[in-house]
Amino acid sequence: DAKTTQPTSMDCAEGRAANLPCNHSTISGNEYVYWYRQIHSQGPQYIIHGLKNNETNEMASLIITEDRKSSTLILPHATLRDTAVYYCIVELTNTGNQFYFGTGTSLTVIP
Amino acid sequence: DVKVTQSSRYLVKRTGEKVFLECVQDMDHENMFWYRQDPGLGLRLIYFSYDVKMKEKGDIPEGYSVSREKKERFSLILESASTNQTSMYLCASSFFGGAEKLFFGSGTQLSVL
């Protein structure tokens with residue numbers, strides 16, 4: 001199974017860019033990289049996903065390395081409301097969509 | 001607005017009781033999932049279903065079963081609740097196929113005494 005590795009925790013100053021890394025060295029060619037975040041006491045929320053190319057939406061940017069073995073989620077101007085646990089997951093496509101979450105990165109945005 | 005609804009936000013049960021956790025989605029999604037979340041362990045997949053009456057085991061199916069009689073509803077069953085099943089339970093759904101995102105419910109905090 002493709003799994004991901006993320007740092008346990010990170011801090012970021014308010015207004016600065018938050019760069020959250022993820023390693024997925026066993027990813028296969030048809031698997032997407034997804035990012036979700038979970039604010040305390042809520043269900044996880046989708047942020048962004050990508051296959052090969054870099055992606056950007058209103059919430060964040062996703063940079064995937066050329067060999068696809070790692071990626072970085074970028075929150076361009078972090079706010080206090082971005083304090084959350086961020087999950088990087090890889091979609092397995094053998095049976096439906098199986099989303100396997102790890103323990104994620106706990107991001108704290110500091111005023 | 002898309003919605004995944006879990007029947008209870010908080011639930012307290014006694015050891016040995018049969019417990020039903022209900023999840024309903026209104027998006028006509030094929031896939032539905034049950035996760036549990038414990039401090040330090042992240043989200044762990046219990047069971048998932050990609051069609052009515054279909055089910056597949058996730059990482060930690062022991063002590064649980066599921067039922068999917070209708071497309072919109074996915075139930076998690078604890079046949080005989082134990083204290084180690086005290087946890088936050090999260091339901092999610094998605095369309096079938098590649099690159100489909102998950103929509104989560106708000107979760108059920110289950111305490112087994």
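Remember, it's a predicted structure, so these values are computed and weren't measured experimentally.

Once that is clear, we can look at the pairing of strand 11 (residues 108-112) of chain B. If a strand is regular, its side chains alternate between the two faces of the sheet. Residue and element names in this part refer to chain B. Residue alternation in strand 11 divides its side chains into a buried set, Thr108, Leu110 and Val112, and an unburied set, Gln109 and Ser111. Bridge count for strand 2 (residues 10-13) against strand 11 is four bridges, and the pairing is parallel. Pairing of Val12 across the sheet is with Ser111, part of strand 11. Of the pairings in the sheet, the one linking strand 9 (residues 87-94) to strand 11 comprises three bridges and is antiparallel in character. Bridging from a neighbouring strand, Tyr89 pairs with Thr108 of strand 11.

What follows is about the state of the cysteines. Applying the stated criterion across every chain, the model contains two disulfides over all chains. Between the sulfur atoms of Cys22 of chain A and its disulfide mate Cys88 of chain A the distance is 2.1 Å. Residues Cys22 of chain A and Cys88 of chain A are joined through a disulfide that is left-handed, its torsion about the S-S bond being -80 degrees. In this pair, Cys22 of chain A sits in strand 2 (residues 18-23) while Cys88 of chain A sits in strand 8 (residues 84-92), placing the two residues 66 residues apart along the sequence. By relative accessible area, which is 0% here, Cys88 of chain A ends up buried. Disulfide pairing is shown between Cys23 of chain B and Cys91 of chain B; the S-S distance is 1.9 Å.

Rules behind the numbers
Residues numbered from 1 in each chain as written. Chains lettered and ligands numbered in written order. Predicted model: local features only at pLDDT ≥ 70, side-chain atom pairs only at ≥ 80, totals over all residues. Heavy atoms only, no water. Buried < 20%, exposed > 50% of the residue type's maximum accessible area, 1.4 Å probe, protein only. Helix = DSSP H or I, 4+ residues; strand = E, 2+ residues; numbered from the N terminus. Pairing = 2+ DSSP bridges. Disulfide = S-S within 2.5 Å.

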